[in-house]
Amino acid sequence: MYNKGQIQGILISLAKPEIHVSRAANTNIGYRVRIRVNLRGGEAFLLGVQRTLNQSGVESTYKEKEHKSRPRPILSVNGIVNLWKLCGIIPDDVPDAKNIWKDFKEIINIVDNGEHHTLEGLDRILQLKGEIQ
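A. A look at the packing of aromatic side chains. Scanning all chains against the criterion turns up 2 aromatic pairs. Taken together, a centroid distance of 6.1 Å and an interplanar angle of 65° make the contact between Tyr2 and Phe45 edge-to-face. Here Tyr2 is found in the segment before helix H1 (4-14), whereas its partner Phe45 is found in helix H2 (residues 43-55), with 43 residues between them in sequence. Note on Phe45: relative accessible area 23%, which makes it partly exposed. Centroid distance Trp101 to Phe104: 5.6 Å. Interplanar angle 90°. Geometry classified as edge-to-face. Linking Trp101 with Phe104, this pair stays in helix H4 (residues 101-112), spanning 3 residues, or about one helical turn.

Spelled out as structure tokens, the structure:
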């Protein structure tokens, strides 16, 4: 539906990479890191983006309602393999609207290498998120 240039533009301008760090008693360091990318918009737009991402091998999940308190459509990309494929679509030499993709790619690398299970890796993730200095 969308060509390569269009999907790159959509991702660097509208997609929202999310990094959630939460307490988890069942992990070695007591925290869990979850990463995903969300896109919000109209149904036809999101289904078109989903179809285009599928053609690039990126699996995504479309929901008609994000939540009871936010009854709008959402498209989510989860899983480290899908996130790597998604990041491969985005060119490294183009600045993005929210200036987050470079840091997000580094966080994906940290998670992929399992470094998020160490205190140093978790600290680096929190630095990239801007939560600690």
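After that view, the rundown keeps rolling.
B. Representation of the packing of helix H3 (residues 80-89) against H4 within the structure. Remark: H3 packs on H4, axes separated minimally by 11 Å, with the N-to-C direction vectors making an angle of 145°. Considering the relative orientation of H3 and H4, their crossing is left-handed. Of the residues in H4, those touching H3 at Ile80, Leu83, Trp84, Leu86 and Cys87 are Trp101, Phe104, Lys105, Ile108, Asn109, Val111 and Asp112. Here the contact of H3 with H4 is built from residues that sort into 9 nonpolar, 1 polar and 2 charged.

C. Structural detail: the sheet that holds strand E3 (residues 61-63). If you walk across this open sheet you meet the 4 strands as E1-E2-E4-E3, and the pairing is antiparallel. Only two strands of the sheet have a single neighbouring strand rather than two, namely strand E1 (16-23) and E3. Direction aside, the axes of adjacent strands within the sheet are offset by 30° on average. Direction of pairing for strand E2 (residues 31-40) relative to strand E4 (residues 74-78): antiparallel, over a ladder of 5 bridges. Bridge pairing links Asn38 to Ser76 in E4. Seen against the sheet, H2 touches E2, E3 and E4 and runs at an angle of roughly 25° to E4.

D. Spotlight on H3. Considered for burial, the residues of H3 that qualify are Asn82, Leu83, Leu86, Cys87 and Ile89. The arc enclosing the buried residues of H3, seen along the axis, measures out at 145°, which places them on a common side. The exposed residues of H3 that point more than 90 degrees off its buried face are Val81 and Gly88. Those residues of H3 that are buried lie in contact with H1, E2, H2, E4 and H4.

E. Just the environment of Gly88, in detail. Note that Gly88 resides in helix H3. Taking C-alpha positions, Gly88 is 24 Å from Gly130, a pair spaced 42 residues apart along the chain.

F. Summary view of the packing of H1 against H2. The N-to-C vectors of H1 and H2 enclose an angle of 120°; their axes lie 11 Å apart at closest approach. Relative to H2, H1 is oriented oblique. For the pair H1 and H2, the crossing hand works out as left-handed. Within the contact between the two elements, H1 uses Ile7, Ile10 and Leu14 and H2 uses Phe45, Val49, Thr52 and Leu53. Classifying every residue of the contact of H1 with H2 by side-chain character gives 6 nonpolar, 1 polar and no charged.

Conventions used here
- The residue count restarts for each chain, going from 1 along the sequence in the order it is written.
- With the structure being a predicted model, the display of local features is reserved for residues of pLDDT at least 70 and the display and counting of side-chain atom pairs for 80 or more, all residues being used for whole-chain, interface and lining totals.
- Side-chain metrics rest on all non-hydrogen atoms present in the structure, leaving aside hydrogens and water.
- The criterion for an aromatic pair is that two Phe, Tyr or Trp rings (for Trp, the six-membered ring) have centres within 6.5 Å, with stacked assigned to planes under 30 degrees apart, edge-to-face to planes over 60 apart and tilted to the rest.
- Secondary structure elements are taken from DSSP: a helix is a run of H or I of four residues or more, a strand is a run of E of two residues or more, and numbering for both begins at the N terminus.
- Buried, partly exposed and exposed residues are distinguished by accessible area as a fraction of the type maximum, computed with a 1.4 Å probe on protein chains only: under 20%, between the cut-offs, and over 50%, respectively.
- Every axis corresponds to a line fitted to the C-alpha atoms, with the helix fit spanning only the stretch in contact, and the corresponding angles, defined between N-to-C directions, vary from 0 to 180 degrees.
- By convention, the crossing between two helices is left-handed when the near helix turns anticlockwise from the far helix through less than a right angle, and right-handed when the turn is clockwise.
- Two residues qualify as a contact provided that any one of their heavy atoms is within 4.5 Å of a heavy atom in the partner residue.
- Ten residue types, Ala, Val, Leu, Ile, Met, Phe, Trp, Tyr, Cys and Pro, are classed as nonpolar, four, Asp, Glu, Lys and Arg, as charged, and the remainder, Gly among them, as polar.
- Each pair of strands is called paired provided DSSP finds at least two bridges between the two strands.
- The arc in question is formed by the directions pointing from the helix axis toward the C-beta atoms.
- Our angle categories are set so that under 35 degrees counts as roughly parallel, over 145 as roughly antiparallel, 65 to 115 as roughly perpendicular, and the remainder as oblique.

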